[in-house]
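Chain by chain, the residues:
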Amino acid sequence: MERLIYLDNAATTKTAPEVVEAMLPYFTEHFGNPSSIYGFAAANKEVITRQREIIADKLGAEPNEIYFTAGGTESDNWAIIAAAEAYEAKGRHIITSKIEHHAVLHTCEYLEKRGYEVTYLDVGEDGLLDPAEVEKAIRPDTILVSIMYANNEIGTIQPIREIGEITHAHGVLFHTDAVQAFAQIPISVEECHIDMLSASGHKLNGPKGIGFLYIRKGVKIRSFIHGGAQERKRRAGTENVPGIVGLGKAVEMAASTMEERTRKESELRDYLISRIEKEIPYCRLNGDRAKRLPNNVNFSFQFIEGESLLIMLDMKGICASSGSACTSGSLDPSHVLLAIGLPHEIAHGSLRMTLGADTTREDVDYTVDCLKDIVAQLRSMSPLYEDFVKKQEEEK
């Protein structure tokens, strides 16, 4: 392939060379198990502590509130299931939204089968959740509210601070899936009254297979993985030292470049949106125009199938997606797009493009030029589009 333009950074990112370099010694020279008592291995405990400090600092948290996991999905599962079990004496009611990642939705469905009750809140056509609806849904038996910081498909950033203030006032635990938001936008767990927060390394140029769960001190939460005393007896299993080091390095780099990187991504994002809206008719921007992640662009194109669009973009060397990478094998339309009110036929024609630090204006121009041609080609083969055009001409 002569040219590769990667516009699927919400699915995963390229591991930065500096991250790989930082990890390598912990596969070879410093390979010891941190739980061993001799100095060679025990030194890795200090290495892990340093990474906790780096991550905690970026959240305004304490290092002993950071627990390493295998990634965002495990963190979400741990936060929701373990909190539900720990607080079930108070109640068995959980609140979430209809546009959460499936790591949250499927976990809530799992709990429903075990006697818990879940309220799934609606969002507006921009994907925003009204904090007043959260407060209205809280009951005496509500034990947990789980709302994502920013949506992985349409990029909408939720009013997390307002939601946190409400849950805090009612004495209800507040968890947020910040997998897409962490290191993309500033986050303060104190200001937002967040009790638990999930994040993942491979979304911020770190390695796959590593993430963390922030658990506020004082939150009662049980172990999710049993078998050892690691992670202060809350998450068993030999620590993934290379992964933890890679995550710490990625967080450090992302924090140091956040302001400049997000400014550049926001400019390119807005340029991409502007060109598509001006040059491709019958399209719709999904998600809030202003309250969205700096790198996220999501459009629905009428009269075409998203799968065909992705295949033809791939033939041009452009990598994008139609929604969450976790549901890319499904033929069903995105649950997020249906939740914001799109009909099935329009939701099927969706395209998500997520920019990265390496994305250039030339990449965007090439992508839009290809997109124009592909959309026109697909519509030329669509009976629905043909009928639409005829109807338009008859009404003139």
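Structure first, text after, so check above.
Now for a description of the structure that goes with this document. (Residues numbered from 1 in each chain as written. Predicted model: local features only at pLDDT ≥ 70, side-chain atom pairs only at ≥ 80, totals over all residues. Heavy atoms only, no water.)

### Quick word on the overall build of the chain
Scanning the chain from terminus to terminus reveals 13 helices and twelve strands. Compactness check: the chain gives a C-alpha radius of gyration of 22 Å against a globular reference of 21 Å for 396 residues, within 12% of the reference. Over its C-alpha atoms, taken along the principal directions, the chain stretches across nearly 80 × 55 × 35 Å. Scored against the burial criterion, the 396 residues of the chain give a buried share of 55%. When contacts within the chain are restricted to residue pairs at least 6 apart in sequence, long-range pairs at least 24 apart make up 74% of them. Here the chain has roughly 17700 Å² of accessible surface; of this, 51% comes from carbon and sulfur atoms. The positive charge centre, built from 43 side chains, and the negative charge centre, built from 59, are 3 Å apart in the chain. (Helix = DSSP H or I, 4+ residues; strand = E, 2+ residues; numbered from the N terminus. Rg over C-alpha atoms; globule rule 2.2 N^0.38 Å. Buried < 20%, exposed > 50% of the residue type's maximum accessible area, 1.4 Å probe, protein only. Contact = heavy atoms within 4.5 Å. Areas by Shrake-Rupley, 256 points an atom, 1.4 Å probe, with all protein chains shown as cover. Lys, Arg positive; Asp, Glu negative; His and termini not counted. Charge placed at Lys NZ, Arg CZ, Asp CG, Glu CD.)

### Comments concerning the pattern of salt bridges
Within the structure shown, the criterion is met by 23 salt bridges. Across the salt bridge formed by glutamate 53 and arginine 50, the nearest N and O atoms sit 3.6 Å from each other. Of this pair, glutamate 53 and arginine 50 both sit in helix α2 (residues 39–59), three residues apart, which is roughly one turn of the helix. What makes glutamate 53 partly exposed here is its relative accessible area of 35%. (Salt bridge = Lys/Arg side-chain N within 4 Å of Asp/Glu carboxyl O.)

### Some details on the pairing of strand β5 (residues 142–146)
The element β5 is largely enclosed, with a buried count of five among its five residues. Relative to β5, strand β3 (residues 93–97) runs parallel, the two being bridged by four bridges. Residue pairing across strands places histidine 93 opposite threonine 142, the latter belonging to β5. With three bridges connecting them, β5 and strand β6 (residues 173–177) associate as parallel partners. Pairing of serine 146 across the sheet is with histidine 175, part of β6. Crossover connection from β5 via helix α6 (residues 160–170) to parallel β6: handedness right-handed. (Pairing = 2+ DSSP bridges. Right-handed = clockwise from strand over helix to strand, strands pointing away.)

### Focus on the sheet that holds strand β10 (residues 296–301)
Pairing in this open sheet of three strands is antiparallel, and the strands run β9-β10-β12 from one edge to the other. Lying at the two open borders of the sheet, with one neighbouring strand each, are β9 (283–285) and β12 (350–354). Going across the sheet, the axis of each strand differs from the next one's by a mean of 25 degrees, ignoring polarity. (Axes fitted to C-alpha atoms, helices over the stretch in contact; angles between N-to-C directions.)

### Considerations on the layout of surface pockets
Looking at the largest pocket, its volume works out to about 700 Å³. Around the largest pocket, the lining is made up of 36 residues, and of these Asn9, Asn205, Gly356, Ala357 and Asp358 lie nearest the centre. Those elements that provide at least two residues to the lining of the largest pocket are β1 (5–6), α1 (17–23) and α8 (241–279). The element best represented in the lining of the largest pocket is α8, accounting for six residues. (1 Å grid on protein atoms, 1.4 Å probe; cavity = no way out; pocket = protein on both sides within 12 Å on 5 of 7 lines; lining within 4 Å. Points joined across faces, edges and corners; volume = space filled by probe spheres on them.)

### Describing a nonpolar patch on the surface
Taken together, the side chains of Phe31, Ile37, Tyr38 and Phe40 make up a nonpolar region of the molecular surface, amounting to roughly 530 Å² of accessible area. Along the chain, tyrosine 38 falls in the loop between α1 and α2. (Patch = residues over 30% accessible without salt bridge, like charges linked within 9 Å, V, L, I, M, F, W, Y side chains within 5 Å.)

### A look at the nonpolar core
Core analysis: the largest hydrophobic core is formed by 61 residues, its most contacted members being Leu59, Tyr149, Phe182, Ile194, Leu197 and Phe212. No other element matches α8, which puts seven residues into this core. Excluding residues that lie within four positions of it along the chain, leucine 59 makes contacts with Ile66, Phe182, Ile187, Ser188, Val189, Leu197, Phe212 and Tyr214. Formed by 27 residues, the second largest nonpolar core is a distinct cluster that contains Ile276, Leu313, Ala320 and Leu378. (Core = buried A, V, L, I, M, F, W, Y, C linked by side-chain atoms within 4.5 Å.)

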